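Spelled out, the chains give:
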Amino acid sequence: MKLSSRVSGLRPYIPGEQPADRVYVKLNANESPYPPSPAVENELRGFRTETLRLYPDPDSRDLRKAIAGMPGMDVTPDMVFPGNGSDEVLSFIFCTFFDPSLPVIFPQHSYSFYPVYAGFYHLPVRTVPLRPDFSLDTGTMAQPGNAGVIFPNPNAPTGILLETSGLRAFLQQQTENNPGRAVVVDEAYIDFGGESALPLLREFPELIIVRTFSKSFSFAGLRLGYAVSSPENIRALETVKNSFNHFPVDRIAQRLGIAACSDAAYYRRVCAEIAATRDQFSAGLQKAGWQVLPSKANFVFARCPGRSGQEVYEAAKKEGFLLRVFGTPGTEDFVRITIGTPQDMQTLLECLEKYCAAK
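Residues numbered from 1 in each chain as written. Predicted model: local features only at pLDDT ≥ 70, side-chain atom pairs only at ≥ 80, totals over all residues. Heavy atoms only, no water.

**Quick notes on the state of the cysteines**
(1) Moving on: Across all of its chains, the model carries one disulfide by this definition.
(2) Moving on: Note that C304 is cross-linked by a disulfide to C356, the S-S spacing being 2.3 Å. Residue C304 is located in the loop between β10 (299-303) and α11 (309-318), and its partner C356 is located in helix α12 (residues 342-357); the two are separated by 52 residues in the primary sequence.
(3) Moving on: By relative accessible area, which is 2% here, C304 ends up buried.
(4) Moving on: Look at C356 and you get buried, because its relative accessible area is 5%. (Disulfide = S-S within 2.5 Å. Helix = DSSP H or I, 4+ residues; strand = E, 2+ residues; numbered from the N terminus. Buried < 20%, exposed > 50% of the residue type's maximum accessible area, 1.4 Å probe, protein only.)

**Let's talk about a nonpolar patch on the surface**
(1) Moving on: A cluster of nonpolar side chains, namely L3, V7, L10 and F120, defines an oily patch on the protein surface of about 360 Å² accessible area.
(2) Moving on: Tracing the backbone shows L3 in the segment before α1 (5-8). (Patch = residues over 30% accessible without salt bridge, like charges linked within 9 Å, V, L, I, M, F, W, Y side chains within 5 Å. Areas by Shrake-Rupley, 256 points an atom, 1.4 Å probe, with all protein chains shown as cover. Salt bridge = Lys/Arg side-chain N within 4 Å of Asp/Glu carboxyl O.)

**Considering the pattern of salt bridges**
Between side chains of opposite charge, a pair can form as their charged atoms come close.
(1) Moving on: Summed over the entire model, instances satisfying the criterion amount to 13 salt bridges.
(2) Moving on: Put simply, R64 and E238 hold a salt bridge, and the shortest N to O gap is 2.9 Å. Taken together, the positions of R64 in helix α3 (residues 61-68) and E238 in helix α8 (residues 231-241) put the pair 174 residues apart, joining distant regions of the chain. The residues R64 and E238 share a single accessibility class, namely buried.
(3) Moving on: Three or more residues joined by partner-sharing salt bridges are found here, namely R48, E50 and R53.

**Overview of α3**
(1) Moving on: Those residues of α3 lying buried are L63, R64, A66, I67 and A68.
(2) Moving on: Those residues of α3 that are buried are in contact with β2 (80-83), β8 (225-228), α8 and α9 (251-261). (Contact = heavy atoms within 4.5 Å.)

**Let's talk about unusual backbone geometry**
(1) Moving on: Following N153, the chain continues to P154 via a peptide bond in cis, the omega torsion being 0°.
(2) Moving on: You can see P154 is positioned in the loop between β5 (148-152) and α7 (164-177).
(3) Moving on: At the junction of A156 and P157, the peptide bond is cis and its omega measures out at 15° in the coordinates.
(4) Moving on: Tracing the sequence through the fold places P157 in the loop between β5 and α7.
(5) Moving on: Here the phi dihedral of H122 falls at roughly 55°; this positive angle occurs in a residue that is not glycine.
(6) Moving on: On the secondary structure map, H122 appears in the loop between α5 (114-120) and β4 (125-128).
(7) Moving on: The class of H122 is exposed, set by a relative accessible area of 51%.

**Considering the sheet that holds strand β12 (residues 334-338)**
(1) Moving on: An order of β9-β10-β12 is seen for the three strands of this open sheet, with the pairing classed as antiparallel. Because the sheet does not close on itself, it has two edges, and the strands there are β9 (291-292) and β12.
(2) Moving on: The pairing of β10 with β12 spans five bridges and is antiparallel. Following the sheet pairing, V300 is matched in β12 by I337. (Pairing = 2+ DSSP bridges.)

Everything listed here is a matter of geometry and, on its own, says nothing about what the molecule does.
Right under this line is the structure:
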C-alpha cells in the first residue's frame, strides 16, 4: 500500500531498551525505583470498574484542581493542561506554538523526542551546541529570529541545572529578541534538585512549563503529564487537543493522579532519597576516576577515561545492569545511568570500579 508522503520523512523516537532475554536491573529509562504513594494504591483498590463504561471528564477538571493545589504550585486550575504523558503534551505544544516560518531552537544534546516532533510537524530546527562544560549556551539560544525555544531543566541527558537567575536572564533576552515566541521549559526532573520556573510564569507570559508524573511520582507505567502556563496559552492547547483527542486522560489516570497529588510529603521523601543516592553514587564514580557531570536529575551522565560508552554499556549489561548509551558525536564516551535503590547502585559501582580498573 502506498503511504502518505508525510510518513517517509519521519524519524521516530527510540525509547530505552526493553529486553526480554533475562531479568535486568533497569537503569536506562529514568524510572523510579520506588512505588507510588500508598494513597494511589488505596485509590486503585477502591476504583469502581463499572464506571469504565462512561467517558472520562474531557477537561480533567478535578485533576487540574488537584495539580494546582499541590504545595509550591501557586497557580489556578485554568493554568493547568493535563495530557496522556508529558510526551503528548509536548506534541501539542509543538503544534500550537512553533510556526514553520522560523526555526525551533533547542540544545544539540537534549531530549531526543524534540527533533522527532519537529519533523512530524515539518518545523525547521536550529540546534545549539552545549558549552565545553556541557551547560546550556543560553546567549546563543536567545538570538533573534527563532520560532521559540525548548529545553529540559535539568537538561537531559546531562542532568545539569540552569539556576533560576540564569533562567530569568535567558527569558529576558529571549523575549526582547523574539517577542511573543514561546519558551518551553521541560521540568521532567526538577523534583530531584533545583528550583522550578513556576514563580516566573506571571513575569513572562511566553513561558510554558511541562511536567510529568512519570519520574518523581513513579507513574511511568500510567502515562500522565501536564503543562502550566497562562490561561490564554492553556486555551490554545485545549483547541489543539480537542481537534485531535477529546479524551486524552482516562478515568483511572485522573483518579490516581488526584490521589498522588494528595500525598506530596511522600514524594518529597522519595525524591530526597533518590537525590542522596545519586550524590553518593556520583562521589563513588569520581573516586574511581570517572568524569561525572553535576546532576540535579534522577540520573548521572558519566564517562570512564579510556572506555567508550558502548564498551561500558556492554560490560554493565553482562553483569545484569541496563544503562543508556547515545553514541552521538560529543557524547559517545558517556553513559546515562538512572538512579536505582542504594543497594543496586552500590552493586553497580563495584562492577564499574572493577571494569575500569582493568583497562
